[in-house]
Amino acid sequence: QGARISIYAFAPEPLVIASTPYIGQRNRWYAPIGAADLDGDGAVEIAFVDRPHLARVLRVYRYVDGQLIAVASAAGVTNHRIGEPDIAGGIRDCGAGPEMIVATADWTRLLAVRMVAGALIAQDIGPHVDRGSFAAAMACR
């Protein structure tokens, strides 16, 4: 059925307590960005790129009352290239709240994406050159 994001409890064995829907096709996956209270409402959101080589959609789900609920999405971003050993970017806080760091779908620019009033707002933060670009962005430079 393809990938999904799941939250587990350990009581004492692993138990799935909430999940996103499956992608719906095997050999497709999500590239996690991270989890944080992205909009300051006290609830934790989970952010990931849906199929970073194909769909290139940033999706944000909120964990509420034992469920993961879709709350926002934005097309045209990625955080992984075929052949790379890891997922780039993540969630940073440079003093003004959490931001998701991703690349544009064509890998030319880096974006800092905030969740504001249920919408994802992207700010261009500079060119993507290599993994050093991501490291600098994550370090708030």
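Residues numbered from 1 in each chain as written. Predicted model: local features only at pLDDT ≥ 70, side-chain atom pairs only at ≥ 80, totals over all residues. Heavy atoms only, no water.

**So, a nonpolar patch on the surface**
Taken together, the side chains of Tyr 8, Phe 10 and Val 16 make up a nonpolar region of the molecular surface, amounting to roughly 330 Å² of accessible area. Considering the arrangement of structural elements, one finds Val 16 in strand β2 (residues 14-19). Since its relative accessible area comes to 35%, Val 16 is described here as partly exposed. (Patch = residues over 30% accessible without salt bridge, like charges linked within 9 Å, V, L, I, M, F, W, Y side chains within 5 Å. Areas by Shrake-Rupley, 256 points an atom, 1.4 Å probe, with all protein chains shown as cover. Salt bridge = Lys/Arg side-chain N within 4 Å of Asp/Glu carboxyl O. Helix = DSSP H or I, 4+ residues; strand = E, 2+ residues; numbered from the N terminus. Buried < 20%, exposed > 50% of the residue type's maximum accessible area, 1.4 Å probe, protein only.)

**Details of the pattern of salt bridges**
One pass over the structure, following the stated rule, counts ten salt bridges. Salt-bridge contacts for Arg 131 lead to Asp 86; the nearest nitrogen and oxygen are separated by 2.9 Å. Residue Arg 131 is found in helix α1 (residues 131-138), and its partner Asp 86 is found in the loop between β7 (77-78) and β8 (90-93); the two are separated by 45 residues along the sequence. Judged by its relative accessible area of 27%, Arg 131 falls in the partly exposed class. Through salt bridges with shared partners, a single ionic network connects Asp 39, Asp 41, Glu 45 and Arg 62.

**Focus on the state of the cysteines**
Counted under the stated rule, the structure contains one disulfide. Here Cys 94 is linked by a disulfide to Cys 140, with a sulfur-sulfur distance of 1.9 Å. Judged by the sign of its S-S torsion, about -95°, the cystine formed by Cys 94 and Cys 140 is left-handed. Of this pair, Cys 94 sits in the loop between β8 and β9 (98-104) while Cys 140 sits in the segment after α1; the two residues are 46 residues apart in sequence, bridging distant segments of the chain. According to the relative accessible area criterion, Cys 140 is partly exposed, its value standing at 37%. (Disulfide = S-S within 2.5 Å.)

**Notes on the sheet that holds strand β6 (residues 67-75)**
Taken together, four strands build an open sheet; the order of strands is β3-β4-β5-β6 and the sheet is antiparallel. In this open sheet, the two edge strands, each paired with only one partner strand, are β3 (30-36) and β6. Taking each pair of neighbouring strands and ignoring which way they run, the sheet shows an average axis angle of 25°. When strand β5 (residues 57-64) meets β6, the two strands line up antiparallel, connected through eight bridges. Looking at β6, one finds that Tyr 61 is bridged to Ala 70. (Pairing = 2+ DSSP bridges. Axes fitted to C-alpha atoms, helices over the stretch in contact; angles between N-to-C directions.)

**Focus: the environment of Ile 5**
Relative to the assigned elements, Ile 5 resides in the segment before β1 (6-10). By relative accessible area, which is 14% here, Ile 5 ends up buried. Among all residues touching Ile 5, those that are not within four sequence positions of it are Ala 18, Ser 19, Thr 20, Tyr 30, Ile 46, Phe 48 and Leu 68. (Contact = heavy atoms within 4.5 Å.)

**A few points about the pairing of strand β11 (residues 119-127)**
Bridge analysis of strand β10 (residues 109-116) against β11 gives eight bridges, and the strand direction is antiparallel. Along β11, the bridge assignment pairs Arg 114 with Ile 121. Once β10 ends, the chain turns through two residues before running back antiparallel as β11, passing Ala 117 with a positive phi of about 50°.

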